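Residues per chain are reported as follows:
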Amino acid sequence: MKKILKILVYTTLLILLSFFLILIRLQVVLTYDINLQKKHMDNLEELYEDEAFEAVDENSFYDFLITEDLKMNEIQYLASHNSYKKRGLALGHFFVGLGSSKEEAQAMNYENKLLTDQLKQGIRSFEFDVRKRNDTFMLTHVPLVDNSSVAPNLKLALEEVKLFSDYNPNHLPIIILLEVKDDWMMLDPSLDHIGSTDLFELDQMIDDIFSNKLIVPSTVMHDSLTLRDSIQTHGWPNLQDVLGKVMFVLHAGSFVEPYVSLDPTLSSLHIFPSVYSDQVDESYAAFVIENNPFSDIIPTLVSNHFMIRTRIDTELSFDDATRLAGIQSGAQILTSDFSIARKDLSQQQIFYLDSSYTLRKRD
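(A) Broad picture of a negative patch on the surface. Taken together, the side chains of Asp 42, Glu 45, Glu 46 and Glu 49 present a region of like negative charge at the surface. Along the chain, the position of Glu 49 falls in helix H1 (residues 2-49). Overall, Glu 49 belongs to the exposed group, its relative accessible area being 60%.

Here it is as structure tokens:
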């Protein structure tokens, strides 16, 4: 009996030790990615300072004329989904499969290129999942089990976009969707809850980095009109007036109200709050999240000058009907897992909006 008990104790300890080592292995991934990101930033600075540097040919990404009356909401973007994501460890995906489903684990099995490489190949709209960890804003998908990232530190990620913008000053406006997250926090005790103070810090960090390169709510608002009334009455800025600029959008959800409460007039804020399609009566409604491209409400909202983000494929699966529905809906941000942003796809698997273009004029 004592021998059996001893074996059970040793087996339990071995299992616990193995599990502990697995957790350390999964955490090390993030540290490794941060070090890679810092080296990447050093390399970028050298690249841009090199006399042989050449700006990208922005005209190669679209086939329309930027006329005096073309508004920024009258073009469509092919946007990358989870733009920062690396494939991560199979071990982490294994745990996702155990805890959730094999299908969900499989849907994590992809990775995107470095942000600069995405920009150089015509991606002008990103999606960033923002978490706060040890008082630092981070870009990670699911804590611990799928936390590998090409740009884990948000501040460095923003500085990377800023560098590209500085050295390619004629780019079409870059739109970055920020989805602040507080799910799965039990997987990583280093994660912090995000409140109003943190949202203010995020807002100020964006202003500090981009400054006069930003398209902000006050850019669009007129006189004493709300943001919603401003776009309804005056529309969005002309596209030619916002070349070389960057726009940030806070994903609809529980963090929008505390962010808006920082300044209900929005006049001092630097991020556009977004709403879901059933919240368009809000005074700050201008950017709408409607991820069903077949929704009848999208064309109506587009005709009323709202900017819409929708998905044109999901869970690493696609069909032509869904893609066509997204394009024909008129939604401006068409988020895809099958764009040129993907690192692990062949050229034959990559989807474009028109021919080989990542941007198009809305029909």
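(B) A look at the pattern of salt bridges. One pass over the full model with this rule turns up 19 salt bridges. Here Asp 166 ties to Lys 213 by a salt bridge, and the two come within 3.7 Å at their closest N and O atoms. In this pair, Asp 166 is assigned in helix H5 (residues 154-167) and Lys 213 in the loop between helix H6 (196-210) and strand S6 (214-215), connecting sequence segments 47 residues apart. Taking relative accessible area as the criterion, Asp 166 reaches 33% and is therefore assigned partly exposed. Assessed through its relative accessible area of 15%, Lys 213 is described here as buried.

(C) The pairing of strand S11 (residues 333-336), seen in detail. Going residue by residue along S11, you find Ile 333 and Thr 335 tucked away on one face and Leu 334 and Ser 336 tucked away on the opposite face as well. Bridge count for strand S1 (residues 75-80) against S11 is four bridges, and the pairing is parallel. The residue of S11 that forms the bridge with Ala 79 is Thr 335. In the sheet, strand S10 (residues 307-311) pairs with S11 via three bridges, with the strands oriented parallel. Bridged to Thr 310 within S11 is Leu 334. The parallel pair S10 and S11 is bridged by helix H11 (residues 320-329), and the resulting crossover is right-handed.

(D) The pairing of strand S8 (residues 272-276), seen in detail. Most of S8 sits out of view: four of its five residues are buried. As paired elements, strand S7 (residues 246-250) and S8 share two bridges and run parallel to each other. When the bridges of S8 are listed, Val 249 appears paired with Phe 272. Sheet analysis places S8 next to strand S9 (residues 287-289), joined by three bridges and oriented parallel. Within the sheet, the bridge partner assigned to Val 275 lies in S9 and is Val 288.

The rules we used
Residues numbered from 1 in each chain as written. Predicted model: local features only at pLDDT ≥ 70, side-chain atom pairs only at ≥ 80, totals over all residues. Heavy atoms only, no water. Patch = residues over 30% accessible without salt bridge, like charges linked within 9 Å, V, L, I, M, F, W, Y side chains within 5 Å. Areas by Shrake-Rupley, 256 points an atom, 1.4 Å probe, with all protein chains shown as cover. Salt bridge = Lys/Arg side-chain N within 4 Å of Asp/Glu carboxyl O. Lys, Arg positive; Asp, Glu negative; His and termini not counted. Charge placed at Lys NZ, Arg CZ, Asp CG, Glu CD. Helix = DSSP H or I, 4+ residues; strand = E, 2+ residues; numbered from the N terminus. Buried < 20%, exposed > 50% of the residue type's maximum accessible area, 1.4 Å probe, protein only. Pairing = 2+ DSSP bridges. Right-handed = clockwise from strand over helix to strand, strands pointing away.

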